[in-house]
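Coordinate inspection notes
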Amino acid sequence: MSQRKTLPQNPVEILLVEDNPGDIRLIQEAFKEGGVCSHLNIARDGEQALAFLRREGSFIRSPRPAFILLDLNLPRKDGREVLAEIKKDKALRQIPVVILSTSTASEDVRRAYDLHANCYVPKPLDVEKLVQLSKSLEEFWLSTAILPA
Amino acid sequence: MGEFLRWFRARRRVTENVASADVLSACFEAAPQAILVVSREGRIVLANARTEQMFGYTRDEILGRELEMLLPHRFRTAHSHHRGDYFAHPRVRTMGSGMELAGRRKDGSEFPVEIGLASVNTKTGPLAFGMVSDITERKKAADELQRVNEELRRSSAEVEQFAHVASHDLQEPLRMVTNYLQLIERRYNDLLDDDGREFIRYAVDGAIRMKALIADLLDFSRAGTGAAHFVRVATLDIVQDALANLKAAIDESHAQISLDLLPAVVVDPVLFTQVFQNLIANAIKFQRNSSPKIHISASREGKEWIFSIRDNGIGIEARHLDRIFRIFERLHSSQEYSGSGIGLAITRKIVERHGGRIWVESQPGIGSTFFFSISAEMESANAARVGSPA
């Protein structure tokens, strides 16, 4: 593992789009344990997520996230619509979108990739695995992969 | 009556030994169907007593009049054309097969009928016979059967749907419970005393058991839906697969398993393996102390193969025999024997999906024998129809 790049020093912004407060807290805790260098921004529904990304309304000062964690089942505008809008938007579509969903139905997986999701990750069923996931997401997207500057 | 009796008398020499005109005429009168004799012109020349009851007219009111008066208006024009065709090509047949025919009573009410047609040539010209059955009751029964069938199909589809949705939606809150308990365990283990740790352990155990129940419920709903693939297989291969899947339990319990000759059957191999696996697993599990002895055999009874799995286990009391095939029924605490009580419910569902039945005979303390039937004459094509969900 000696050739692995070091993780960035300053916190990296991540956008988590998730409506269930239990899941939000759980993912925050997992990143607290597993991740080292990221700051989770939270959007509670699809409309908020797009407003955050487009810096609309009260999100005028929101940072541009390094990647997005997107739940599929959201109130108002659901995850698929959010994904489709992000990938249609020239200014946003380079941001990697990681779908984080309880569904492992092949139809859901296929549709997400059809809409250009960058990867599809099932929500882990226990905390240990969730901590692992936060670690590997950070490692992959912030260190292994190179993102556009 | 004149035409008909003239014709009868002409035939008399031939039929005298068997039936006199009186006898035939009595038969005609007593027939359970309405019998109408019609001339080429479509006039009713003869009718029996049942005709009066069925249509509500006296014979005086219909004799010599057009047959179409006994039909609903919407059939009248078409019927007079068909009548012409029939006299051109007379033969014995059922009228309007596949069509819903109706008669019209004097009071204007309609009733469904079935009509047999025949014809005869007489000196004065051809005559047609219509033999009319009132099928109101039969039709009512058939309609009712169809309605109940549809209702059944719909409600069983709803149950499947419910089980599927419920098990998916139940996973979500359960995931929360499990995850947060795990988080408490991870973070605060050192702060908790023994009581606290014990409480959490019970809560985690409960959540884990619930997760298993939900998984079972999903399995159960899947056993009744989804595509089944029916092929002809050797039961021996199926049983060997089931035994291989149970290798650990068999080795551990030192179970002795013997097999009779087993037939080839048309089944879904995956589901059928599960049937044997569940029944053999139960035979191994429900044992007191001795090592399990299990015998699997099959016998032909009429159009079915009856399979049996006999064990020397704890047996089941007679009053519980019906309960054991129900979902989540358990006769023992989970400390005595593990499991959620889903195995036999799934087994029964699979057997029924193959068009068979499952039952058990048992003597407490001596052992149980589970039986199930599988059609011996099912061909792959038929099987697919039996097995496909509505």
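For the structure, see preceding data.
Here we summarise the structure given alongside this text. Keep in mind that this is a model prediction, so the values were computed, not measured.

Reading the values: rules and limits
- Residues numbered from 1 in each chain as written.
- Chains lettered and ligands numbered in written order.
- Predicted model: local features only at pLDDT ≥ 70, side-chain atom pairs only at ≥ 80, totals over all residues.
- Core = buried A, V, L, I, M, F, W, Y, C linked by C-beta atoms within 7 Å.
- Buried ≥ 20, exposed ≤ 12 C-beta atoms within 10 Å, placed from the backbone.
- Helix = DSSP H or I, 4+ residues; strand = E, 2+ residues; numbered from the N terminus.
- Contact = placed C-beta atoms within 7 Å.
- Nonpolar A, V, L, I, M, F, W, Y, C, P; charged D, E, K, R; others polar.
- Axes fitted to C-alpha atoms, helices over the stretch in contact; angles between N-to-C directions.
- Parallel < 35°, antiparallel > 145°, perpendicular 65-115°, else oblique.
- Left-handed = near helix turned anticlockwise from the far one by under 90°.
- Pairing = 2+ DSSP bridges.
- Arc of directions from axis to C-beta.

**A closer look at the nonpolar core**
Membership of the largest hydrophobic core comes to 40 residues, with the highest contact counts inside it found for Phe220(B), Ala242(B), Val275(B), Phe276(B), Leu279(B), Ile280(B) and Ile309(B). Among the elements of the structure, α7 (194-224), α8 (235-245), β9 (264-267), α10 (269-285), β10 (293-301), β11 (304-310), α11 (343-353) and β13 (367-375) of chain B are those that each provide at least two residues to this core. The greatest single-element share of this core, amounting to 8 residues, is contributed by α10(B). In this structure, Ile280(B) is in contact with Ala242(B), Leu246(B), Ile294(B) and Ile309(B), ignoring residues within four places of it in sequence. The next biggest cluster of nonpolar side chains, apart from the first, holds 34 residues, and it includes Ile14(A), Ala43(A), Val82(A) and Ile99(A).

**With respect to the interface of chain A and chain B**
Reports of interface size often rely on the accessible area that becomes lost once the parts have come together. With 7 residues of chain A in contact, the opposing surface of chain B contributes 9 residues. In terms of residue count, helix α1 (residues 21-34) of chain A provides more of the side of chain A that touches chain B than any other element does, 3 residues in total. Residues of the side of chain A that touches chain B, tallied by class, amount to 3 nonpolar, 2 polar and 2 charged.

**Remarks on the packing of helix α2 (residues 46-54) of chain A against helix α3 (residues 79-88) of chain A**
Any two packed helices are characterised by the angle at which their axes cross and by the distance between the axes. Residues and elements named next belong to chain A. Relative orientation of the contacting elements α2 and α3 amounts to 20 degrees, with a least axis distance of 9 Å. It follows from the interaxial angle that α2 and α3 lie roughly parallel. In this structure, α2 crosses over α3, and the sense of that crossing is right-handed. Judged by residue contacts, Gly-46, Ala-49, Leu-50 and Leu-53 of α2 engage Gly-79, Glu-81, Val-82, Glu-85 and Ile-86 from α3. Split into classes, the residues belonging to the contact of α2 with α3 amount to 5 nonpolar, 2 polar and 2 charged.

**Concerning the sheet that holds strand β5 (residues 119-122) of chain A**
Residue and element names in this part refer to chain A. Taken together, the 5 strands give an open sheet; going across it, the order is β2-β1-β3-β4-β5, and neighbouring strands pair in parallel fashion. In the strand order of this sheet, the two ends are held by β2 (38-43) and β5, each with one partner. Going across the sheet, the axis of each strand differs from the next one's by a mean of 25 degrees, ignoring polarity. Inspection of the sheet shows strand β4 (residues 97-101) paired to β5 by 4 bridges, in the parallel sense. Residue pairing in the sheet places Ser-101 in a bridge with Pro-122 of β5. Running at roughly 130 degrees to β2, α2 makes contact with β1 (12-17) and β2 of the sheet.

**Side note on α8(B)**
Residue and element names in this part refer to chain B. Along α8, the residues classified as buried are Thr-235, Ile-238, Val-239, Ala-242 and Leu-243. Taken end-on, α8 shows its buried residues confined to a sector of 135 degrees, consistent with a single buried face. Among the structural elements, β7 (231-234), α9 (247-253), β8 (256-259), β9, α10 and β10 are those in contact with the buried residues of α8.

The quantities given are spatial measurements derived from coordinates; they are silent on function.
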